[in-house]
Amino acid sequence: MRHIISILMENESGALSRVAGLFSARGYNIESLTVAPTEDASLSRMTLVTRGSEEIIEQITKQLNKLIDVVKLIDLAESFHIERELMMVKIKTTTGEMRDEVRSMADIFRGKIIDVTPTTYIVEMTGPSEKLDAFLAAIDPDSVIEAVRSGPTGISRGEKGLHL
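Residues numbered from 1 in each chain as written. Predicted model: local features only at pLDDT ≥ 70, side-chain atom pairs only at ≥ 80, totals over all residues. Heavy atoms only, no water.

A. Examining unusual backbone geometry more closely. Non-glycine residue Arg-110 carries a positive phi angle of around 55°. Positionally, Arg-110 belongs in the loop between α3 (96–108) and β6 (112–116). A relative accessible area of 73% places Arg-110 in the exposed class. (Helix = DSSP H or I, 4+ residues; strand = E, 2+ residues; numbered from the N terminus. Buried < 20%, exposed > 50% of the residue type's maximum accessible area, 1.4 Å probe, protein only.)

Next up, the structure:
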């Protein structure tokens, strides 16, 4: 099962490498990883996506909690949460017909064309991973020059949250 683990950690150099090292040493895979400062300049929020059985995830969270830099963590899969992913796709649009089709698909999927050249569009899209996958499936694969994805990030719904 896929788990999104949200970690509040001290904003110190080497903290990210310690988390990555923990996963590497135990042979666990990180599907995606994002880190950004929080409203408190001394803390960063890391969002890590991984897969594993309940036992493996329990082991991962116990090991993460032992790291000195980790202040608090939450497995978002254990509660109601909202998750989103950002994707930018560069699409070849050499004909007027292709340009119209890409513009129409971007509108249908609530994407935004953020760059236009004579032969390409770059489409920005956010949403659940499934939505982004569906957009890529709807576009001619030969027209996709490159796609960049952030990986999922998430936040708990309601009063529960990751804070001190």
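So that's the structure; there's more coming.
B. Geometry of the environment of Ser-44. Of note, Ser-44 is situated in strand β3 (residues 43–51). Residue class for Ser-44 comes out buried when judged on its relative accessible area of 6%. Between the alpha carbons of Ser-44 and Ile-7 there is a distance of 8.1 Å; along the sequence they are 37 residues apart. Apart from residues no more than four positions distant in its own chain, Ser-44 is found in contact with Ile-7, Leu-8, Met-9, Asn-11, Val-35, Ala-36, Pro-37 and Thr-38. For Ser-44, the side chain forms a polar contact with the side chain of Asn-11, separated by 3.2 Å. (Contact = heavy atoms within 4.5 Å. Polar contact = N/O pair within 3.5 Å; in protein donor to acceptor, adjacent residues only side chain to side chain.)

C. Region of the structure containing the sheet that holds strand β1 (residues 2–10). If you trace the four strands from one edge of the open sheet to the other, you get β2-β3-β1-β4, paired in antiparallel fashion. Strand pairing shows two members of the sheet lacking a second neighbour, β2 (32–37) and β4 (70–75), which therefore form its edges. Shown here is a sheet whose adjacent strand axes are inclined to one another by a mean of 15°, direction ignored. Of the pairings in the sheet, the one linking β1 to β4 comprises five bridges and is antiparallel in character. Looking at the pairing, Leu-8 lines up with Lys-72 of β4. (Pairing = 2+ DSSP bridges. Axes fitted to C-alpha atoms, helices over the stretch in contact; angles between N-to-C directions.)

D. Structural view of the packing of helix α1 (residues 15–26) against helix α2 (residues 54–66). Their axes nearest at 10 Å, the elements α1 and α2 cross at an angle of 140°. The angle between α1 and α2 places the two elements in the oblique class. Between α1 and α2 the crossing geometry is right-handed. Listed contacts from α2 to Val-19, Leu-22, Phe-23 and Arg-26 of α1 are Ile-60, Gln-63 and Leu-64. (Parallel < 35°, antiparallel > 145°, perpendicular 65-115°, else oblique. Left-handed = near helix turned anticlockwise from the far one by under 90°.)

E. Focus on the pairing of strand β7 (residues 120–127). With six of eight residues buried, β7 lies mostly within the body of the structure. Pairing of strand β5 (residues 81–92) with β7 involves eight bridges; the strand directions are antiparallel. Considered in β7, the bridge of Val-89 is made with Val-123. Bridging between β6 and β7 involves four bridges; their strand directions are antiparallel. Looking at β7, one finds that Lys-112 is bridged to Glu-124. Between the end of β6 and the start of β7, which pair antiparallel, lie three residues.

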